[in-house]
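# Structural description and commentary
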Amino acid sequence: MVDHAGRELDFGDTSHLDAKLMALHAVLEQANRLGERIASVDLRPIERPTYRTVDAPPLAEFRELQDP
């Protein structure tokens, strides 16, 4: 889903939704304290949510194979 600020949020399924919302709140508060702008948050690992900042490089770059 995409929230009102344009952040991509990945909750996975609806199990443990309360815990996922608490984790989201903690991630956003920490990012705010650090002055980071969040682009996406993955809440599927509840005990270890991950996020990407707006300024983070792409996860993978696709390059065409070049013939020598």
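That block above? That's the structure.
## Some remarks on helix 1 (residues 17-34)
For helix 1, spanning 18 residues, the distance from its first C-alpha to its last is 26 Å, which sits close to the expected 26 Å at 1.5 Å a residue. In this structure, the buried residues of helix 1 make contact with strand 1 (8-10), strand 2 (38-42) and strand 3 (50-53). Following helix 1 by one or two positions, glycine 35 adopts a phi angle in the positive range, close to 75 degrees.

## Some points on the nonpolar core
Among the nonpolar cores identified, the biggest contains nine residues, and these are Leu9, Phe11, Ala23, Leu24, Val27, Ala31, Ile38, Val41 and Leu43. In terms of residue count, the dominant contributor to this core is helix 1 (four residues). Ignoring anything within four residues of it in the chain, the contact list for leucine 43 reads Asp10, Phe11, Lys20, Ala23, Leu24 and Pro49.

## Looking at the sheet that holds strand 2
Within a sheet, neighbouring strands are paired by backbone hydrogen bonds and run either parallel or antiparallel to one another. An order of 1-2-3 is seen for the three strands of this open sheet, with the pairing classed as mixed. Sheet topology places strand 1 and strand 3 at the edges, where each strand pairs with a single neighbour. When the angles between neighbouring strand axes are averaged without regard to direction, this sheet yields 10 degrees. Pairing of strand 1 with strand 2 involves three bridges; the strand directions are parallel.

## Thoughts on the environment of aspartate 13
Its location among the elements puts aspartate 13 in the loop between strand 1 and helix 1. Taking the C-alpha atoms as reference points, aspartate 13 and arginine 44, 31 residues apart in sequence, are found 8.1 Å from one another. Side-chain polar atoms of aspartate 13 contact the side chain of serine 15, separated by 2.6 Å.

The rules behind the values
- Residues numbered from 1 in each chain as written.
- Predicted model: local features only at pLDDT ≥ 70, side-chain atom pairs only at ≥ 80, totals over all residues.
- Heavy atoms only, no water.
- Helix = DSSP H or I, 4+ residues; strand = E, 2+ residues; numbered from the N terminus.
- Expected span 1.5 Å × (residues − 1).
- Contact = heavy atoms within 4.5 Å.
- Core = buried A, V, L, I, M, F, W, Y, C linked by side-chain atoms within 4.5 Å.
- Buried < 20%, exposed > 50% of the residue type's maximum accessible area, 1.4 Å probe, protein only.
- Pairing = 2+ DSSP bridges.
- Axes fitted to C-alpha atoms, helices over the stretch in contact; angles between N-to-C directions.
- Polar contact = N/O pair within 3.5 Å; in protein donor to acceptor, adjacent residues only side chain to side chain.

Just distances and angles here, no functional claims.
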